[in-house]
Amino acid sequence: MAARRRLVSALLVFLCASSVFSGAESQEATLTGGHRAAAVDDPPTDTERAEQAAEQPAVEERRWEATEVEEATPDEAAGEKQDTSAPGTAAPSSAPQPKDDFQEELVVRPLHSGDIYASFQFRTLWETDFTRENKVSHYRLFPKSLGQVISKFSVRELHISFTQGYWRTMQWGQPFLPSPPGAELWVWFQDSVTDVDGTWKELTNVLSGIFCASLNFIDSTNTVQPSASFKPLGIGNATDHRFLRYATLPREIVCTENLTPWKKLLPCGSKAGLAVLLKSEKLFHSSFHSQAVHIRPVCEDRQCKTTSWELRQTLNVVFDLYTSGQGKREWSLFKMFSRTLTEACPLASSSKIYIDVTDNPQGEQFELSPATALLSQAVVLGDRRTFSVYDLTQQITFGSVRSLNLLIRWKSTEGDMLRPLLHAERYVAGYGLQTGEIHTLMYNNHPYRSFPVLLLDSVPWYLRLYIHTLTVTSKGKDNKPSYIHYQPSKDRLRPHLLEMLVQLPPNSVTEVTVQFERALLKWTEYTPDPNHGFYVGSSVISSLVPSIVAMDTNSTLKRPLFSSFFPCKEESSFFVRIYTEPLLVNLPTPDFSMPYNVICLTCTVVAVGYGSLYNLLTRSFQIEEPSPGLAKRIANIIRKMRGVPPL
């Protein structure tokens, strides 16, 4: 056996040596042939040497560029297959792939109350078509999970938000992108969808898994089909509202489990760029926090010859002066987010930070450091605002320490905030647990202009509205709505839907009231904490508010992301959507502790009765003689010692 093994090893060594020798000979022959060919040709001139030297870096740079490949049509693919199958033909050249682009922005607005408002904007544009028959298989910047959702469920537009807290309009002004407390979802489907309700149910379950939320609780009891309030924000102006669905979950709690999948949708995640500031322990220790995802098709040029899909991820947060700022009117990136910025996202074509300095033209209210000479003006919510801009794609922004920590130090607390032209409130009135009344107040603070507003109310079925008691008053007079759409509810099937178009007089308060009756639920329909109450979603108010400056109607121009979300059709007005507070209503609630009391009383009676009867049946009774006294016991002991029988 040992001799056989040595023989096999020797054969293997011989075969390896022969293969190496033959490979060296072939390589030597190739090199010799190459040298011969070079010897036959003329030596290269100086011009040829310069051209070769110029081509060398181009080849090296091309290694770092992304190879773009465009998916060919079936006819072209068939033609290319025939060409490649033919002998002597070259392989087809690759065509460019649809373009994609990513931008990120952070807007910081110091508030007069001492709080600070930070708004993150991330936008991904992709020039592709999710609605075609052949599925999109190559994803670069656009998240694949959302792309598959768009193509599978034939989604035209998708808007989803998760909010913790309530936006205080009179203290903070208007937000860039409003959202109601809890979870909100509204979707436009393509005209090719036949079963909209079934697709809507499947879509909510899928989104519930993607964002780790309770969207699977969305069903027909909290879903409505608005007729005028939610128009598409992208391409097209659809009027067939059969393909629109809107739902809210006002009790949804936003936590880290919702933020983590939201950050994973970004091209750089939370590893680079502005997303490194999104730390959950800081974001959720704030007065207001809202994160949203908006998907829609947009135009690339003014003639809309080229379209793209836009994914916009927004996150708005308001840090309180006392809880987050420890009572000091001094803010910095490290104080707000426990991090500083060191680089932009490598995949972003634009990465900027905007500081609102409109109310601080000469630096008399607060000091901004490090200072920047780059200023920008943008029309935001009908007003021209001035911003200090920090471009993170420029290395000079980070300075020599390779870190950017913006510092805002207040000098004076004087100054008044510009009152918002439109805001609203809502509350429940009445006493007892049988009837009540919903009051909605809409404020028009414009001194001399009136404008119409569109009010949407979605009320659960267990609050039975008396629509004949609906009243609209302005300045003590009846204000008749010019448009009313009402869809009554069905018990345990669908909620109430009320839409009205109301004209708000200048400098007035318009009050909308309607009475309702509370229903008695089945005992299985109550929540685990029924005495806490039942939530009613926020009212939605949409309006075209008069603008102070002329608005730009060209949506294809390059503008900051925070000023280009809602499309603008008129120069004299801008679109505003606001939300009221959600309502907390108490319903007639049975005493759920009564079964516990009954069980305890019954068990006590059974234990006492059964125990007594069991003792009577099983216990044996015996007559026990009384024990003798002490003298008698001593006498018996003495008699026992003497050998005498005891007494």
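What counts, and where the lines are drawn
Residues numbered from 1 in each chain as written. Predicted model: local features only at pLDDT ≥ 70, side-chain atom pairs only at ≥ 80, totals over all residues. Heavy atoms only, no water. Salt bridge = Lys/Arg side-chain N within 4 Å of Asp/Glu carboxyl O. 1 Å grid on protein atoms, 1.4 Å probe; cavity = no way out; pocket = protein on both sides within 12 Å on 5 of 7 lines; lining within 4 Å. Points joined across faces, edges and corners; volume = space filled by probe spheres on them. Helix = DSSP H or I, 4+ residues; strand = E, 2+ residues; numbered from the N terminus. Nonpolar A, V, L, I, M, F, W, Y, C, P; charged D, E, K, R; others polar. Buried < 20%, exposed > 50% of the residue type's maximum accessible area, 1.4 Å probe, protein only. Contact = heavy atoms within 4.5 Å. Pairing = 2+ DSSP bridges. Axes fitted to C-alpha atoms, helices over the stretch in contact; angles between N-to-C directions. Disulfide = S-S within 2.5 Å.

An unreviewed UniProt entry lists the protein under the name GPI transamidase component PIG-T, with Scophthalmus maximus as the source organism.

(A) Molecular detail of the pattern of salt bridges. Counted by the stated rule, this structure contains 17 salt bridges. A salt bridge links Arg-242 to Asp-240; its shortest N-O distance comes to 2.7 Å. One connected set of salt bridges, linked through shared partners, spans Arg-123, Arg-296, Glu-310 and Arg-312.

(B) Structural detail: the layout of surface pockets. The space that makes up the second largest pocket amounts to roughly 870 Å³. Phe-217, Asn-222, Leu-249, Tyr-462 and Tyr-535 are the residues nearest the centre of the second largest pocket, which is lined by 27 residues in total. Contributing elements (two or more residues each) for the lining of the second largest pocket: strand S6 (244-249), strand S17 (451-459) and strand S23 (534-536). When residues of the lining of the second largest pocket are assigned to their parent elements, the largest contribution, four residues, is made by S6. Residue classes in the lining of the second largest pocket are distributed as 15 nonpolar, eight polar and four charged.

(C) Representation of helix H7 (residues 256-264) within the structure. Taken as a whole, H7 has its buried residues at Asn-258, Leu-259, Pro-261, Trp-262 and Lys-263. In this structure, the buried side of H7 is in contact with strand S2 (116-126), helix H6 (196-211), helix H8 (280-283), strand S7 (288-299) and strand S8 (307-319).

(D) Highlighting the pairing of strand S10 (residues 350-356). For S10, the buried fraction is high: six of the seven residues fall into the buried class. Two elements, strand S1 (residues 100-110) and S10, share six bridges in a ladder whose sense is parallel. Its bridge partner lying in S10, Leu-106 is registered against Ile-353. Alignment of S10 against strand S13 (residues 383-391), held across five bridges, turns out to be antiparallel. By the bridge assignment, Tyr-354 is partnered in S13 with Val-389.

(E) Spatial organisation of empty space enclosed by the protein. The full count for this structure, using the stated rule, is seven cavities of 30 Å³ or more. Space inside the largest cavity adds up to approximately 170 Å³. If you list the elements that add at least two residues to the lining of the largest cavity, you get strand S3 (155-164), strand S4 (182-189), S7, S8 and strand S25 (573-579). It is S7 that provides the largest number of residues to the lining of the largest cavity, a total of four residues. When grouped by side-chain class, the residues that make up the lining of the largest cavity number 10 nonpolar, eight polar and two charged. Considering only enclosed or pocket space, the second largest cavity measures out at about 130 Å³ in volume. Around the second largest cavity sit 14 residues that line it, and Trp-167, Pro-175, Pro-178, Ser-179 and Tyr-579 are the ones nearest its centre. Considering each element in turn, the lining of the second largest cavity owes the most residues, three residues, to S25. Tallied by class, residues from the lining of the second largest cavity come to nine nonpolar, four polar and one charged.

(F) Seen up close, the sheet that holds strand S21 (residues 496-504). With antiparallel pairing, the five strands of this open sheet are ordered in space as S20-S21-S17-S24-S25. Each edge of the open sheet carries a strand with a single partner, namely strand S20 (483-487) and S25. Put simply, the sheet's adjacent strands are angled 15° from each other on average, direction ignored. Of the pairings in the sheet, the one linking S17 to strand S24 (residues 540-546) comprises four bridges and is antiparallel in character. Pairing of Leu-456 across the sheet is with Val-540, part of S24.

(G) View of the state of the cysteines. Evaluation of the coordinates by the stated rule reveals two disulfides. The side chain of Cys-268 participates in a disulfide bridge whose partner is Cys-345; the two sulfur atoms lie 1.8 Å from each other. A torsion of 70° about the S-S bond marks the disulfide between Cys-268 and Cys-345 as right-handed. Placement of Cys-268 in the loop between H7 and H8 and of Cys-345 in the loop between helix H9 (333-337) and S10 is noted, with a sequence separation of 77 residues between them. Two residues share a disulfide in this structure: Cys-299 and Cys-304, whose sulfurs sit 2.0 Å from each other. Its torsion about the S-S bond being -70°, the disulfide of Cys-299 and Cys-304 is classed as left-handed. Given a relative accessible area of 28%, Cys-299 falls into the partly exposed group. Cysteine pairing for the protein (bonded cysteines numbered in sequence order): 1-4, 2-3.

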